[in-house]
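# Summary of the model geometry
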Amino acid sequence: MALNYVWIAFFLVAFVVALYRLIFLHDTAVFANVMTGMFDSAKTGAEISLGLAGIMTFWMGIMRVGEKAGMINIFARAVNPFFSRLFPQVPKQHPAMGSIVMNFSANMLGLDNAATPVGLKAMKQLQEVNPAPETATNAQIMFLVLNTAGMTIIPTSVIAMRLANGAANPADIFIPTVIGTFISFMSGVIAVALYQRINLFNLPSLVFFGGFGLVMFGLFSWLHNLPPAEVATYTGMLGGLIIFSVIVSFVMLGFVKRINVYETFIEGAKDGFQTVVMIIPYLVAILVAISAFRSTGCMDYVIQGIGGFFALLGVNTDFVPALPVGLMKTLSGGAARGLMVEAMQHYGADSFVGRLACIMQGSTETTFYILAVYFGSVNIKNTRYALTCGLIADFIGVIAAIILGYVFFH
């Protein structure tokens, strides 16, 4: 629904601005430029989507191997002590706890197809112990904010988009994106914990947060004093090493568990190809709308307004062209993805703006969409403070992405 309004708004605003340029600025070429841009963007959208076929087919096959080999269960056992502290009102033996942990683990591994069904199942199981069925419980709010914070170890789709747009090292945004998602996740958890008065100062929580924090601090200490070119080289090398290690570990775990790794890979790869085909109309639609918005000068007006504001404050404004991605991600993942692709197309995949747009895309989540889908699945009308906490996580995620972009690539 949000994407529907966003799509209509892009065209409507673009048309009004185009009429203004024609009538008051006598820009007789404005409509010709708009149509040319729209047709070129439609072609670009199809080419980008088809360019994703190889990597998405491969990665979905690898993810299916890891799923059947029991990787989610391994993650679940590792984080269960921490999650039991975040959901004190849910009995430890309740099946919802298993679904929550599996959903979180699937999100961390980038298993979107596995994460959403398990997440909806968790919501229904949490609803079974809800004394007021139309009002969200503390456990449901915590669960939803964990989803909107969206901590992901492997930003697969963003790396795939960078590859499709010609990035020299598509994985160079891996480290800053992981750090950004961790910061967003922590801010969301802390916000909900303050509302629910959950004590996070316990051993499992401190081990979980402290472990990730030490890793992030170590990476930052290692890289922040290096020149941008060397940072890009090292982050790309480390990202590639980690991702390749994950692939090898999935395959070897599948071999140890005596599953047919090849057939399992083919099964998942088929789903990956179908996903690519499904992406084409959505990406074409949003890129065409964004092109109309940009061709009439609307995007420039927005960027100039934001840039002028920060310039008055004496802040470096190189980040401003990437900011629409972070602002849009809260409303629509598809629209934000389109803006990210547009930024890479316009400025270059390896430019500061192109990289920052990718970090923002990977560090934030579609809060309104997630709340609508998950709460709607159990017919909850009173969501209490869930939206507030989700937006807090998104806002801090955007700020963190900007800072990380400057630290790693500026």
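See the structure shown above.
Our subject in this report is the structure included herewith. In this text, all values refer to a predicted model and were calculated from it rather than measured experimentally.

For the rest of this paragraph, the subject is the packing of aromatic side chains. Overall, the coordinates contain eleven aromatic pairs when judged by the stated rule. When the centroid spacing of 5.4 Å and the interplanar angle of 35° are considered together, the rings of Tyr-20 and Phe-24 count as tilted. Taken together, the residues span about one helical turn, with Tyr-20 and Phe-24 both in helix α1 (residues 2-24) at a distance of four residues. For Tyr-20, a relative accessible area of 41% corresponds to the partly exposed category. Given a relative accessible area of 58%, Phe-24 falls into the exposed group. Measuring from centroid to centroid gives 6.0 Å for Phe-143 and Tyr-374, while their planes differ by 65°, and the two rings are edge-to-face.

Running from N to C, helix α9 (residues 174-196) and helix α18 (residues 386-409) cross one another at 150°; their axes reach a closest spacing of 8 Å. With respect to each other, α9 and α18 are oriented roughly antiparallel. Both α9 and α18 take part in a crossing whose hand is right-handed. Across the interface between the two elements, Ile-175, Pro-176, Ile-179, Gly-180, Ile-183, Ser-184, Ser-187, Gly-188, Ala-191, Val-192 and Tyr-195 of α9 pack against Thr-388, Cys-389, Ile-392, Ala-393, Asp-394, Ile-396, Gly-397, Ala-400, Leu-404, Phe-408 and Phe-409 of α18. Considered class by class, the residues forming the contact of α9 with α18 number 15 nonpolar, six polar and one charged.

Bringing the pattern of salt bridges into the picture now. Tallying each qualifying case throughout the model produces seven salt bridges. The closest approach of N and O atoms between Asp-27 and Arg-21, which form a salt bridge, is 3.2 Å. Asp-350 serves as the salt-bridge partner of Arg-355, at 4.0 Å between the closest nitrogen and oxygen. Given the relative accessible area of 32%, Asp-350 is considered partly exposed. One salt-bridge network, in which partners are shared between bridges, spans Arg-162, Asp-172, Asp-350 and Arg-355.

Moving on to the environment of Phe-185. Note that Phe-185 resides in helix α9. A relative accessible area of 0% places Phe-185 in the buried class. Other than its neighbours up to four places away in sequence, Phe-185 contacts Phe-82, Phe-104, Leu-146, Ala-149, Met-151, Phe-208 and Phe-209.

Let us look at the nonpolar core. By size, the foremost hydrophobic cluster in this structure holds 59 residues, and its most contacted members are Phe-10, Met-161, Ile-173, Val-325, Met-340 and Met-360. Examining the composition of this core, we find that seven residues originate from one element, helix α16 (residues 352-363), more than from any other.

Here we come to helix α2 (residues 30-51). With 22 residues, α2 should cover 32 Å at 1.5 Å per step; its first-to-last C-alpha distance of 31 Å lies within 8% of that length. Listed in full, the buried residues belonging to α2 are Val-30, Val-34, Gly-37, Met-38, Ser-41, Thr-44, Gly-45, Ile-48 and Ser-49. Down the axis of α2, the buried side of the element spans an arc of 135°, and every buried residue falls inside it. Along α2, the residues that are exposed and aim more than 90 degrees away from the buried face are Phe-39, Lys-43 and Leu-50.

Reading the values: rules and limits
Residues numbered from 1 in each chain as written. Predicted model: local features only at pLDDT ≥ 70, side-chain atom pairs only at ≥ 80, totals over all residues. Heavy atoms only, no water. Phe/Tyr/Trp six-rings, centres within 6.5 Å; stacked < 30°, edge-to-face > 60°. Helix = DSSP H or I, 4+ residues; strand = E, 2+ residues; numbered from the N terminus. Buried < 20%, exposed > 50% of the residue type's maximum accessible area, 1.4 Å probe, protein only. Axes fitted to C-alpha atoms, helices over the stretch in contact; angles between N-to-C directions. Parallel < 35°, antiparallel > 145°, perpendicular 65-115°, else oblique. Left-handed = near helix turned anticlockwise from the far one by under 90°. Contact = heavy atoms within 4.5 Å. Nonpolar A, V, L, I, M, F, W, Y, C, P; charged D, E, K, R; others polar. Salt bridge = Lys/Arg side-chain N within 4 Å of Asp/Glu carboxyl O. Core = buried A, V, L, I, M, F, W, Y, C linked by side-chain atoms within 4.5 Å. Expected span 1.5 Å × (residues − 1). Arc of directions from axis to C-beta.

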